[in-house]
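Each chain is listed here by its residues.
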Amino acid sequence: MFRPRVIPALLLSGRGLVKTVTFDHPRYVGDPINAARIFNSKGADELLLLDIRATLEQRGPPVGLIRQISDETFMPLAVGGGIRSVDDVRALLNAGAEKVVINTRAIENPGLIRDVADQFGSQSVIGSIDARRGRDGGYRVFTHHGSRRRKEDPVEVAGELEAMGVGEIMITSIDRDGTMEGFDLRLVRSVADAVSVPVIASGGAGSLDDLRKAIQEANASAVAAGSLFVYHGARRAVLISYPSRTEIESLLGEA
Amino acid sequence: MIVIVDYGMGNLRSIENKLHRLGAKSTISSDPKAVEGAEKLILPGVGSFDAGMRNLEVRGLLPALQQRAVVDGIPLLGICLGMHLMTHKSEEGNAKGLGWIAGETRRFDFSGQPKKLRVPHVGWNTLTRRGESLLLQGIPQDASFYFVHSYFVGRVDEADVVATTHYGVDFVSAIQHGNLYGSQFHPEKSHEGGFQLLKNFVESA
């Protein structure tokens, strides 16, 4: 039976893992290798590692760190942050990542997606879109880790990325990031209904039921969660958790 | 020595890493001489069928692979694209496959169906066992494996089908034809089930 993926999202800043709220106020939560080991031991479906300073610092993600994590884990790794070129992608795939996640550069130059897909296959690239909701209720895309607004809306960008050959699309609500108030289901659904590739919902997961809603009500094929798996309790103590396979199967059922 | 064939496609390091954990002697190589000297072979791969065949040819690997896998009959495991290449051809391109197993590679096409499933098939799925094979020994029936593919192998000889998987259609997810094994999923990225499969291959006679 096919089951939708539940993906812990780890944000890297420097050598440490951080958690943000609406893409701001990064708070150190631990060591990435240790966290990866724990998620691996809990049987996580996949791991998403995003270097949130990379684009702003004009570099790609830390290849050495990816290699270390890949060597210790038995599930796929999707790695992103500051990826600018086919060479950046090659380095990451050779280090052990299954897929790369490209956001800013893909939106500024969709041809990069096509080049990566041609070289390594569509399955090797996730197109990532970050969006904020405007006062008029519509959504706008932001790049550079939420700091630069684009004219386009997420559905337009999703269509372009699909046309260029992405294997999957990840849609993140900047407004919901770190709030644990639930995914922006309207945003997720608008993107999921506009493309035929798998869509990963991201930003705002606060409960296992939120994961279910994204899959069953917003047509996401997979869900990413950060705070939900890294924090525990009202005071947000750092504690890594991950649902058991039984929990996931009874929650998400068959896609 | 297990040789992991490097033909420029796929994440070889993960496979080598898992073999290393199993205590198996392995090396990654694109050299036909290494293939000729191998005791077992792994043919991994992600990417397109045509590029796969072209890359094998350009590196002069075809004769050595043919010799060891078909003539000498050493164990060979094809993973994902590696398994596709063992068939005769693919809808994806024009190249002829290795033709070692009866089968054709086809694309998932859900356009006519009411429930439009997404392509590629990405995620964890289970196997329905059809035939006996050492590949799946010691692996629980409900084990799941990581898949990521838009193409699958069809028109396979029933005798070669070890397991099928359901994603809109039932497709072949594991095969065995004598000394030739294939898995559509990625054992190197499938937690315990995948690791056990690699162990079974490493420990096979």
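Our subject in this report is the structure included herewith.

The rules behind the values
Along each chain, the written sequence defines residue order, and numbers are assigned to residues from 1. Lettering of chains starts at A and numbering of ligands starts at 1, both following the order in which they are written. Two thresholds apply to this predicted model, a pLDDT of at least 70 for residue-level local features and 80 or more for giving and counting side-chain atom pairs, whereas whole-chain, interface and lining totals are computed over all residues. Hydrogens and water are ignored here; the side-chain numbers use all heavy atoms of the structure. Every axis in this analysis is a line fitted to C-alpha atoms, fitted for helices over the stretch in contact. Angles between the N-to-C directions lie between 0 and 180 degrees. Per the convention used, a helix needs a DSSP run of H or I reaching at least four residues, while a strand needs a run of E reaching at least two, with both numbered from the N terminus. For classification purposes, angles smaller than 35 degrees are called roughly parallel, those larger than 145 roughly antiparallel, those between 65 and 115 roughly perpendicular, and all remaining angles oblique. Crossings are sorted by hand: turned counterclockwise from the far helix by less than a right angle, the near helix makes the crossing left-handed, and turned clockwise it makes it right-handed. Any pair of residues with heavy atoms lying within 4.5 Å of one another is described as a contacting pair. Buried area, as used here, totals the accessible surface that two parts lose on assembly, with accessibility defined by a 1.4 Å probe and the loss added over both. The salt bridge criterion pairs a side-chain nitrogen of Lys or Arg with a carboxyl oxygen of Asp or Glu, the two atoms within 4 Å. Polar contact is defined as a pair of N or O atoms within 3.5 Å, subject to the rule that within protein one atom must be able to donate a hydrogen and the other to accept it, and that residues adjacent in sequence are counted only when both atoms are side-chain atoms. Only buried residues count toward a nonpolar core. Its members are Ala, Val, Leu, Ile, Met, Phe, Trp, Tyr and Cys residues joined through side-chain atoms within 4.5 Å. Only protein chains enter the accessibility calculation, which uses a 1.4 Å probe; a residue whose area is less than 20% of its type maximum is buried, one above 50% is exposed, and one in between is partly exposed. Centre distance within 6.5 Å is the pairing criterion for rings of Phe, Tyr and Trp, where only the six-membered ring of Trp is used; planes under 30 degrees apart are then read as stacked, over 60 as edge-to-face, and the remainder as tilted. Any Lys NZ or Arg CZ found within 6 Å of a ring centre and within 35 degrees of that ring's normal is scored as a charge over the ring. With a 1 Å grid spanning the protein atoms alone, the term cavity applies to any set of points in which a 1.4 Å probe fits but cannot get out, the term pocket to an open set with protein on both sides within 12 Å along at least five of seven lines, and the term lining residue to any residue with an atom within 4 Å of a point. Grid points are joined across faces, edges and corners, and a volume is the space filled by probe spheres set on the points. For this classification, the nonpolar set comprises Ala, Val, Leu, Ile, Met, Phe, Trp, Tyr, Cys and Pro, the charged set comprises Asp, Glu, Lys and Arg, and every other residue, Gly included, is treated as polar.

**Quick word on the packing of helix α2 (residues 63-72) of chain A against helix α1 (residues 12-21) of chain B**
- The contact between α2(A) and α1(B) brings their axes to 9 Å, and the two run at 50°. Classified by the angle their axes make, α2(A) and α1(B) are oblique. The two elements α2(A) and α1(B) cross, and the hand of that crossing is right-handed. On α1(B), the residues that touch Arg67(A), Ser70(A), Asp71(A) and Glu72(A) of α2(A) are Arg13(B), Ser14(B), Asn17(B), Lys18(B) and Arg21(B).

**Quick look at the interface of chain B and chain A**
- Contacts between chain B and chain A engage 30 residues on the former and 40 residues on the latter.
- For the pair chain B and chain A, the two sides together bury roughly 2,700 Å², of which 47% comes from carbon and sulfur.
- The three residues of chain B that bury the most area against chain A are Arg118(B), Trp124(B) and His191(B), which together make up 27% of that side's buried surface.
- Taken together, the links from chain B to chain A amount to two salt bridges.
- The salt bridge involving Asp71(A) is made with Arg13(B); its shortest N-O contact spans 2.8 Å.
- At the boundary of chain B with chain A, the tally comes to 21 residue pairs in polar contact (both at pLDDT 80 or more).

**Describing the nonpolar core**
- Ranked by size, the top nonpolar core spans 73 residues in total, and within it Ile102(A), Ile169(A) and Leu211(A) carry the most contacts.
- Considering every element that reaches this core, the biggest residue donor is helix α3 (residues 86-95) of chain A, with five residues.
- The contact partners of Ile102(A), leaving out residues within four places of it in the chain, are Ile83(A), Val89(A), Leu112(A), Ile113(A), Val116(A), Val125(A), Ile126(A), Gly127(A) and Ser128(A).
- Ranked by size, the runner-up nonpolar core spans 35 residues in total, among them Phe110(B), Phe147(B), Phe152(B) and Ala174(B).

**A look at the packing of aromatic side chains**
- With the rule as written, the count across this model stands at 15 aromatic pairs over all chains.
- For the pair Phe108(B) and Phe110(B), a centre-to-centre distance of 5.6 Å together with 20° between the ring planes defines the contact as stacked.
- In this structure Phe108(B) comes out as buried when scored by relative accessible area, which is 3%.
- For Phe110(B), a relative accessible area of 5% translates into the label buried.
- With centroids separated by 6.1 Å and ring planes inclined at 45°, the aromatic side chains of Phe152(B) and Phe171(B) adopt a geometry described as tilted. Taken together, the residues span a long stretch of sequence, with Phe152(B) in strand β10 (residues 151-154) and Phe171(B) in strand β12 (residues 169-177) at a distance of 19 residues. With respect to class, Phe152(B) is no different from Phe171(B); both count as buried.
- Taken together, the ring pairs in this structure connect Phe2(A), Phe108(B), Phe110(B), Phe145(B), Phe147(B), Phe152(B), Tyr167(B), Phe171(B) and Phe185(B) into an aromatic cluster.
- We note Lys40(B) situated over the ring of Phe201(B); from NZ or CZ to the ring centre the distance is 5.8 Å.

**Overview of empty space enclosed by the protein**
All names here are of chain A.
- Evaluation of the coordinates by the stated rule reveals one cavity of 30 Å³ or more.
- Within this model, the largest cavity holds a volume of roughly 520 Å³.
- Lining the largest cavity are 39 residues; nearest its centre among them are Leu11, Phe23, Leu50, Ile52 and Asp130.
- No other element matches the three residues that strand β4 (residues 47-51) contributes to the lining of the largest cavity.
- In terms of residue class, the lining of the largest cavity is made up of 15 nonpolar, 18 polar and six charged.

**Concerning the environment of Gly14(A)**
All names here are of chain A.
- Tracing the backbone shows Gly14 in the loop between β1 (5-13) and β2 (16-21).
- Relative accessible area serves as the criterion here: at 30%, Gly14 is assigned to the partly exposed category.
- It is 13 Å that separates the C-alpha atoms of Gly14 and Ile33, two residues lying 19 residues apart in sequence.

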